[in-house]
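# Observations on chain architecture
Here is what each chain is made of, one letter per residue.
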Amino acid sequence: MTFNAAALLLLIAGLALIGWIAGRARSNLLAARAQAKLHSRPQYHGWYVALWLFAPAALFLAVWSAVSPGLITNDVLASEAAKDLPAFGFERGAILSDARNVAQGKQDAVRIPAAAPLVAPYADATHLYAWIGIGAMLALALAGGLYAFTRIKPDFRARTRVEKIVMLVLLLASLVAILTTFGIVLSLLFESIRFFRLVSPAELLFGTNWAPTSGAPQDDTFGGIPLFWGTILIGAIIAMIVAIPIGMMTAVYLTQYAAPRVRRWVKPLLEILAGVPTVVYGYFAALTVAPALREFAVMLGIPNASTESALAAGIVMGVMIIPFVSSMADDSINAVPQAMRDGSLALGATPNETIRQVLIPAALPGVMGGILLAVSRAIGETMIVVMAAGLSANMTANPFASVTTVTAQIVKLLTGDQEFDSAKTLAAFALGLVLFVVTLLLNIVALRIVKKYREAYE
Amino acid sequence: MTQDDLTISDPKMTAHNVNVFYGEKQAINDVSIDVGTELVTAFIGPSGCGKSTFLRSLNRMNDTVAGAKVTGHIALDGEDIYAPSMDVVQLRARVGMVFQKPNPFPKSIYDNVAYGPRIHGLAPNKSDLDGIVEKALMRAGLWDEVKDRLGESGTALSGGQQQRLCIARAIAVDPEVILMDEPCSALDPIATAKIEELIHELRGKFAIVIVTHNMQQAARVSQRTAFFHLGTLVEYGKTTDIFTNPKQERTKDYITGRYG
């Protein structure tokens, strides 16, 4: 007998259905008997009983699933057979999980002989806690159901209660995303603090030498400037040189010149471009753009031309965010009132003059906001730079040279066999924190600009 | 319509048998009218009667509306403005327009007025441009109020000042005709009075066509009045005649307030 949470969940869902039917029937019956009008329609009484039956039991189930393995292990450790176990470490863990797998039927026989005596205690404890859990859960479900069932009366306000619960569920759902964000920030923060105990923040932020895997731990250096420079070169300079003009021109064409038919086709196509997985852009950058650029550089006689170049990664990243820039610019230009355009045209300005001198200046704040959002996306982008930009931390303005970015280094630091508490692994979290703070600030500034600008015209 | 005693010896703009369509819908039906050079002409009529549509066809602003189509003959100084040889940019420089809601550009007061002269290359140097801007603002009666803050944004002015700025902007390119599409409908009575005063002063220097909802305004500012109803021109004549002695029953009903 093991504790199967999914099956039990189904069981209480079934009970809840019975509760629903019973609650509904009872409310009808009571109303008929008292010849009174029900405050809430019968199905609300049904829902009220069902929720009381289901929610406490399901909550208990969740808690019990989390807690019971610990209780079982404690029981086993307290038994006679556990006396001979090694004190701590991997071996102890391996023996325990071996015994548990056999006891719970996931495995036919023990693989470690030392685990054999523990199988029986494990089986007993598993059995015991399963029965306790199931018993408690059913008791809770029945108690909840009965409590709700006895409260049904014609004037009982079941609807308001059910609506309150629904609201609570919606609130919890919206909290999931927010709490997860907090959790992510906290985990980043704690790991970063551990890193900063080993390496000073000043070194990470202002150091110019990035060599986290020099071989000897005492020689590792964590100067982040080459990474920050690489990130800015690719994400904020090269990618923007590509994305801003093309995105703006696309937006101007689509808002001012394109026939409705063209617009209907081009806009969705652009959105498809935005939906291409970044790894596909990565292939494109690494296999197509980078070699072509290298040959071009060699032809020009540029030294240090590498197949992994900042230019290749930056250009492809720029292409990736064209739809982003163009749709923000499109929205901003469309938000400029028609009266502004008419005013300019009525003075004898050509459409071109109107766009350059009236529409774009008026749309500029919104466009700027869009560009900042695009930058924050570009500097957080990972796959393209991992595949095309390279991993050598060079401080160079030569776009044909290989540079590396914050995200590419995070990937490098976290892949492969690493101890999880070494400075190089922890450095990944510190870099992540820096990236998070920068993109957060960019997003806040961008959204403020966009919002302020929207208010001006509405 | 009735062709009454109305003889304009020297018409600035002439329209013959003009129809305007928005897609399938006909907004203007067979309208013929002459606009005098030194006169203020008012278009009146109930909402949706087509007076603004007709006004916008006089400088081809209807071109910017998708699906709009104009037939018939409209001429400026005898030249067909819908002819293929007509450059719409030059046409609009000669026939300026002031809109219902003040629509200054989000630029400085100076740049708002200088916009037109700049795009048409009217001022070879900065001092010429300064002169054009000053003259336009003076003619629009705005100079004294803004001369010390020409660098401020045009959108920071009050509604009435913004509308006079838009008139100055239109004047600055030295047009021959100014079309005004209910220029006072978004303004308070004092600002309205200033605009009307301005129209009096501009009369004679430009041919002015004004669309208005307000019959008193038409009576105050114009010498000729055209009454539109349901896309047709019902009556066109001297303003004093239209308001004191209308020939058509519909005109009489409208100006006595029976509908509209």
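Our structure's up above, just so we're on the same page.
For the structure given in this document, a descriptive report is provided here. (Residues numbered from 1 in each chain as written. Chains lettered and ligands numbered in written order. Predicted model: local features only at pLDDT ≥ 70, side-chain atom pairs only at ≥ 80, totals over all residues. Heavy atoms only, no water.)

## So, the interface of chain B and chain A
What counts is decided by this rule: By the convention used here, residues are in contact when the closest approach between their heavy atoms is within 4.5 Å. Two parts placed together each lose some accessible area under a 1.4 Å probe, and the buried area is that loss summed for both. The working definition used for a salt bridge is a side-chain nitrogen of Lys or Arg within 4 Å of a carboxyl oxygen of Asp or Glu. Any pair of nitrogen or oxygen atoms within 3.5 Å is treated as a polar contact; in protein, a donor-acceptor pairing is required on top of that, and neighbouring residues in sequence qualify only through side-chain atoms on both sides. In DSSP terms, a helix is any run of H or I states spanning at least four residues, a strand is any run of E spanning at least two, and both are numbered starting from the N terminus. Each residue gets one label: Ala, Val, Leu, Ile, Met, Phe, Trp, Tyr, Cys and Pro are nonpolar, Asp, Glu, Lys and Arg are charged, and the others, such as Gly, are polar.
The partner chain A presents 17 residues to the 22 residues of chain B that form the contact. Taken together, the two surfaces of chain B and chain A that pack against each other cover about 1,500 Å², and 64% of this comes from carbon and sulfur. Among the residues chain B hides against chain A, the three largest losses belong to B:F105, B:Y115 and B:I119. Together they make up 31% of the total. One can count one salt bridge joining chain B with chain A. With its nearest N and O atoms 3.8 Å apart, the salt bridge here joins B:R56 to A:D342. One can count four residue pairs in polar contact (both at pLDDT 80 or more) joining chain B with chain A. Elements supplying a minimum of two residues to the side of chain B that touches chain A: α2 (88-94), β6 (95-98), α3 (109-120) and α6 (159-172) of chain B. Here the side of chain B that touches chain A is composed, by residue class, of 13 nonpolar, five polar and four charged.

## A short note on the environment of B:P104
Residues and elements named next belong to chain B. Heads up, the rule is: Burial status follows relative accessibility: with a 1.4 Å probe on protein chains alone, a residue under 20% of its type maximum counts as buried, one over 50% as exposed, and anything between as partly exposed.
Summarising the element assignment, P104 is placed in the loop between β6 and α3. Taking relative accessible area as the criterion, P104 reaches 4% and is therefore assigned buried. Spatially, the C-alpha atoms of P104 and L157 are 9.5 Å apart, while their sequence positions differ by 53 residues.

## Examining the sheet that holds strand β4 (residues 68-76) of chain B
Residues and elements named next belong to chain B. Worth spelling out the cut-off: Between any two strands, at least two bridges found by DSSP are needed for them to pair.
Spatially, the four strands line up as an open sheet ordered β2-β1-β4-β5, and their pairing is antiparallel. Since the sheet does not close on itself, it has two edges, and those belong to β2 (25-36) and β5 (79-80), each with one partner. The pairing of β4 with β5 spans two bridges and is antiparallel. In the strand pairing of β5, L76 is matched with E79.

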